[in-house]
Amino acid sequence: MNDLHTNIIKVSGKNIANFFQNIITNDIYNLTNHNALYSSILTPQGKYLIDFFIIKEKDNYILECNDKQTEKLIKEFKKYDIRNDITFSLSNELKSHLILSKDLNEYFKKKLLNKELVNDKEFIFFKDPRSKGFLIRVWAKEKILSEKKIISSTQKEIDLERIKRTIPNSEKDMEQNKSFILNYNFENLNAISFKKGCFIGQENTARQKYRGTQKYSLKTIKSLNGSFPKINEDIFLENEKIGTMKSSVSNYGLCIIRNEKRILNLETIESDEQISFQFV
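Residues numbered from 1 in each chain as written. Predicted model: local features only at pLDDT ≥ 70, side-chain atom pairs only at ≥ 80, totals over all residues. Heavy atoms only, no water.

(A) Quick look at the overall build of the protein. Helix and strand content of the protein: eight helices and 15 strands. Its C-alpha radius of gyration of 20 Å places the protein within 12% of the 19 Å reference for a compact globule of 280 residues. Viewed in the frame of its principal axes, the protein has a C-alpha envelope of about 60 × 45 × 30 Å. Considering the protein as a whole, with its 280 residues, one finds that 51% of them fall into the buried category. (Helix = DSSP H or I, 4+ residues; strand = E, 2+ residues; numbered from the N terminus. Rg over C-alpha atoms; globule rule 2.2 N^0.38 Å. Buried < 20%, exposed > 50% of the residue type's maximum accessible area, 1.4 Å probe, protein only.)

Take a look at the structure:
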């Protein structure tokens, strides 16, 4: 997910939990008023469409997704809302701001002590569920942010920490209707439940997991010499394609690498792009 340009969507209506449960990759019944979930929608063939964060507010739900995917996300949900029982509305007041856990001020530290999410009259903030100790997402009006002196972490700092934790930016690193989420570490990012039963695209996703048909994995790499290839450029070893470069910051990057022991067991890879790197 692009961590700067997002929209907040409020969802209301009848039997929303049951509706979401049959569509999204995560288990909506693991969501309470005190935590957040990260999830996605897939095609019937199990390919990535959209990812998002979701929280519960009493009987309603609030989602955050990339602003370029907002219209598509709502359209996709409405496609399955046969009875037209559910309403989706954009919040023009709430904006998302991100603070690395290490940058939290005392106000947030005290509020989040032993909690995953705080929802008060002024704003909502919660621990990003993709990785423990990574990021705090703050949904608030601009006025409140100024009054509370809330300062977001820089995008470069966030991206570096994201890459070190092997978290893809779906807008940069993934392709709609093409990428498989297991290849992009979604299971380790708490985005999938294989226990809840069916969801859209579940059959192919489960086949990759249980039958060992997953051919590629997202890896964090650290450059030892040379510069990373550009994003989406292929990586070669002895004139053989072994993977594809994804986003990078400084000397850390993400790449999709073939799941072969002879590649994954190499301590250092000297690629044909005149760069040497190691898996982190």
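(B) Representation of the packing of aromatic side chains. Summed over all chains, the structure comprises 17 aromatic pairs. When the centroid spacing of 6.1 Å and the interplanar angle of 55° are considered together, the rings of F19 and F77 count as tilted. Placement of the pair is F19 in helix 1 (residues 16-21) and F77 in helix 2 (residues 70-80), with a sequence separation of 58 residues. Aromatic pair F52 and F77: ring centres 6.1 Å apart, planes at 70°, arrangement edge-to-face. Residue F52 is located in strand 3 (residues 48-57), and its partner F77 is located in helix 2; the two are separated by 25 residues in the primary sequence. Linked through ring pairs, F19, F20, F52, Y61, F77 and F88 together constitute an aromatic cluster. Over the ring of Y38 we find R130; its NZ or CZ atom is 5.6 Å from the centre of that ring. The ring of Y252 has K164 sitting right over it, with the charged end atom 4.9 Å from the ring centre. (Phe/Tyr/Trp six-rings, centres within 6.5 Å; stacked < 30°, edge-to-face > 60°. Lys NZ or Arg CZ within 6 Å of the ring centre and 35° of its normal.)

(C) Structural detail: the sheet that holds strand 12 (residues 240-249). Here we have six strands laid out as an open sheet, ordered 11-12-13-10-15-14, and antiparallel in their pairing. The open sheet has two free edges, formed respectively by strand 11 (234-237) and strand 14 (269-270), since each of these has just one partner strand. Sheet strands in contact with helix 5 (residues 155-164) are strand 10 (216-225), strand 12 and strand 13 (252-258), and its direction is about 145° off that of strand 12. (Pairing = 2+ DSSP bridges. Contact = heavy atoms within 4.5 Å. Axes fitted to C-alpha atoms, helices over the stretch in contact; angles between N-to-C directions.)

(D) Looking closely at the environment of F199. Structurally, F199 can be placed in the loop between helix 6 (170-173) and helix 7 (202-210). Placed 25 residues apart in sequence, F199 and L224 show a C-alpha to C-alpha distance of 42 Å. Residues within four places of F199 in sequence aside, it is in contact with Q21, N22, I23, I24, T25, L42, I192, S193 and T205.

(E) Inspection of the pairing of strand 4 (residues 60-66) at higher detail. Of all seven residues in strand 4, six are buried, a share of seventy percent or more. Where strand 1 (residues 6-13) lies against strand 4, six bridges are found, and the strand directions are antiparallel. Counted as the bridge partner of I9 is L63 from strand 4. Between strand 3 and strand 4, which pair antiparallel in sequence order, lie two residues; one of them, K58, sits at a positive phi of approximately 60°.

(F) Summary view of the environment of I136. Here I136 shows up in strand 9 (residues 135-140). A relative accessible area of 2% places I136 in the buried class. Apart from residues lying up to four places away in sequence, I136 is in contact with H97, L98, I99, S101, L104, L112, F125, F126 and K127.

(G) Summary view of the pairing of strand 9. Within strand 9, six of the six residues are buried, which leaves the element mostly enclosed by the surrounding structure. Residues L135, R137 and W139 of strand 9 are buried on one face, and the alternating residues I136, V138 and A140, pointing to the opposite face, are buried as well. The pairing of strand 6 (residues 95-100) with strand 9 spans six bridges and is antiparallel. By the bridge assignment for strand 9, K95 is matched with A140. Where strand 8 (residues 123-127) lies against strand 9, five bridges are found, and the strand directions are antiparallel. If you follow I124 over to strand 9, its bridge partner there is W139.

(H) Just the side chain of D128, in detail. One can find D128 in the loop between strand 8 and strand 9. For D128, a relative accessible area of 3% translates into the label buried. In terms of polar contacts, D128 uses its side chain to reach the side chain of R137, at 3.0 Å. Not counting residues within four places of it along the chain, the set of residues in contact with D128 comprises F53, F134, L135 and R137. (Polar contact = N/O pair within 3.5 Å; in protein donor to acceptor, adjacent residues only side chain to side chain.)

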